[in-house]
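# Architecture and fold: a report
Each chain, written out:
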Amino acid sequence: MTTTLGFHLLRIGHCSHPECVTQRGGCLRSVPFPALAGLLLHPRLGPMLFDTGYSDAFFAATQPFPERLYRLVTPVSLTSTEALPAQLARHALAPHDIRHVFLSHLHADHIAGIGELPNARFFAMREEVAAMRRASRIGGLRRGYLRTLLPASFDTRLTCADDCERVVLPRAMHPFTHGFDLLGDASVIGVPLLGHTPGQLGILFRTAGARSIFLVADACWSLEAVRDDKPPSWIASRLFSDKRAFLATFAGLRHLLSSNDALSIVPSHCELTWRHLGREFH
Ligand SMILES: [Zn+2]
């Protein structure tokens, strides 16, 4: 991994959940659940995104019933300054400048903005796309998928991450052993993070400051939960595709967190991560 990337952490809206749902032993108090995304600046291939957070398309997709239940259960807030186009503009970029988007998984809070990116290629795990395609309207909604968020051209613009060259991860990433060289230059390595959905993908890359960043999406919902070994409650984990695989991935992150000081683990919904890393990578 010799190519280093610029990195900005973006907060693109948030929803609210009772803490006891997101974390075992939590209280009933409603806590913010930020939707974080990553803006990566590749020296040769330009600006790229890891997920997109919320967008106006989310509100349109959840206008009719039964999809409206989604936002009734998890009330969403997105200000105009948080919207993806406004945040790209702060970096002198426009949505049409984005050519590569790495999708951790296809839950609505991670992909709602992809329709705003007319020139992007999308990277996702094959099984994740297949699971969304297989699901019925109601079944998909129950799993957090809103199929209307996918642009009509999605399939022709999709690269299955697992079709990219398989690479062995360095020992310091143990117990995560392998990944996929998504761009063919070892700059962005996709790492399967199983359990939350049928094909969740994290990405690993190095920043210009020689820091390694591991964007882990929903493999955990907060770093405190990993540190304190408090996985999500049984209510939330009932929504996961494979609870046992989720707990194995969660335990793997717990090991990494304690064994690899040079690595910044970035969950998509961690308020503490946003407060710390959001300031450093604004
Ligand atoms: Zn998710």
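Each remark here, short or long, concerns the structure printed above.
Throughout what follows, the structure given in this document is the object of discussion. Bear in mind the structure is a predicted one, so any value in this text is a computation, not a measurement. (Residues numbered from 1 in each chain as written. Predicted model: local features only at pLDDT ≥ 70, side-chain atom pairs only at ≥ 80, totals over all residues. Heavy atoms only, no water.)

### Some points on the overall build of the protein chain
- On a plain count of helices and strands, the protein chain comes out with eleven helices and 13 strands.
- On C-alpha atoms alone, the protein chain measures out to a radius of gyration of 17 Å, which is about the 19 Å that the 2.2 N^0.38 rule sets for 282 residues.
- Dimensions of the protein chain, computed from the C-alpha atoms along their principal axes, are close to 50 × 40 × 35 Å.
- Out of the 282 residues in the protein chain, the part that is buried amounts to 57%.
- Counted over contacts in the protein chain with a minimum sequence separation of 6, partners at least 24 positions apart contribute 63%.
- On the protein chain, roughly 12300 Å² of surface is accessible, and the fraction owed to carbon and sulfur atoms is 55%.
- Charge-centre separation for the protein chain: the mean point of 29 positive side chains lies 4 Å from the mean point of 24 negative side chains. (Helix = DSSP H or I, 4+ residues; strand = E, 2+ residues; numbered from the N terminus. Rg over C-alpha atoms; globule rule 2.2 N^0.38 Å. Buried < 20%, exposed > 50% of the residue type's maximum accessible area, 1.4 Å probe, protein only. Contact = heavy atoms within 4.5 Å. Areas by Shrake-Rupley, 256 points an atom, 1.4 Å probe, with all protein chains shown as cover. Lys, Arg positive; Asp, Glu negative; His and termini not counted. Charge placed at Lys NZ, Arg CZ, Asp CG, Glu CD.)

### Thoughts on the packing of aromatic side chains
- Taken as a whole, this structure holds twelve aromatic pairs when the rule is applied.
- With a centroid separation of 5.2 Å and 75° between ring planes, the pair formed by F58 and Y70 is classed as edge-to-face. In this pair, F58 sits in helix α2 (residues 56-61) while Y70 sits in helix α3 (residues 68-73), placing the two residues twelve residues apart along the sequence. Y70 carries the same exposure label as F58, and that label is buried.
- Site record: aromatic cluster; members linked through ring pairs are F33, W221, F240, F246 and F250. (Phe/Tyr/Trp six-rings, centres within 6.5 Å; stacked < 30°, edge-to-face > 60°.)

### A word on the nonpolar core
- Grouped together as the largest cluster of nonpolar side chains are 64 residues, with contacts concentrated most on L103, F214 and L253.
- Here L253 is in contact with F176, F214, V216, A219, C220, V226 and I265, once residues within four sequence places are set aside. (Core = buried A, V, L, I, M, F, W, Y, C linked by side-chain atoms within 4.5 Å.)

### Side note on the coordination of the zinc ion
- In this structure, H105 (NE2), H107 (ND1), H196 (NE2) and D218 (OD) serve as the protein donors to the zinc ion, at separations of 2.2 Å.
- With four donor atoms in place around the zinc ion and angles of 89 to 166° between them, the coordination shape is irregular.
- Summarised as a motif, the one-chain spacing of the donors to the zinc ion is H-x1-H-x88-H-x21-D. Here H196 lies in the loop between β10 (189-192) and β11 (201-206) and H107 lies in the loop between β5 (100-102) and α5 (108-111), a separation of 89 residues in the sequence.
- On the accessibility criterion, H196 (4% relative accessible area) is buried. (Donors = N, O, S within 2.8 Å, 3.2 Å for Na, K, Ca; no water. Tetrahedral: all angles 85-135°; square planar, octahedral: opposite > 155°, others 65-115°.)

### Description of a nonpolar patch on the surface
- On the surface, a nonpolar cluster with roughly 320 Å² of combined accessible area is contributed by F65, L69 and L72.
- Here L69 is to be found in helix α3.
- A residue is classified by how much of its surface remains accessible, and L69, at 42% relative accessible area, is partly exposed. (Patch = residues over 30% accessible without salt bridge, like charges linked within 9 Å, V, L, I, M, F, W, Y side chains within 5 Å. Salt bridge = Lys/Arg side-chain N within 4 Å of Asp/Glu carboxyl O.)

### Looking at empty space enclosed by the protein
- Under the defined criterion, the tally for this structure stands at one cavity of 30 Å³ or more.
- The volume enclosed by the largest cavity comes to roughly 40 Å³.
- Elements supplying a minimum of two residues to the lining of the largest cavity: β2 (30-42) and β13 (263-267).
- In terms of residue count, the dominant contributor to the lining of the largest cavity is β2 (three residues).
- Split into classes, the residues belonging to the lining of the largest cavity amount to seven nonpolar, two polar and no charged. (1 Å grid on protein atoms, 1.4 Å probe; cavity = no way out; pocket = protein on both sides within 12 Å on 5 of 7 lines; lining within 4 Å. Points joined across faces, edges and corners; volume = space filled by probe spheres on them. Nonpolar A, V, L, I, M, F, W, Y, C, P; charged D, E, K, R; others polar.)

### A few points about the sheet that holds β10
- One open sheet accounts for six strands, arranged β8-β9-β10-β11-β12-β13; its pairing is mixed. Sheet topology places β8 (165-168) and β13 at the edges, where each strand pairs with a single neighbour. Here the strands of the sheet are splayed against their neighbours by 30° on average, with no regard to which way each runs.
- Pairing of β10 with β11 involves four bridges; the strand directions are antiparallel. Note that in β11 the partner of G190 across the bridge is I203.
- Its contacts with the sheet put helix α10 (residues 243-259) on β12 (212-217) and β13, and the angle it makes with β13 is roughly 145°. (Pairing = 2+ DSSP bridges. Axes fitted to C-alpha atoms, helices over the stretch in contact; angles between N-to-C directions.)

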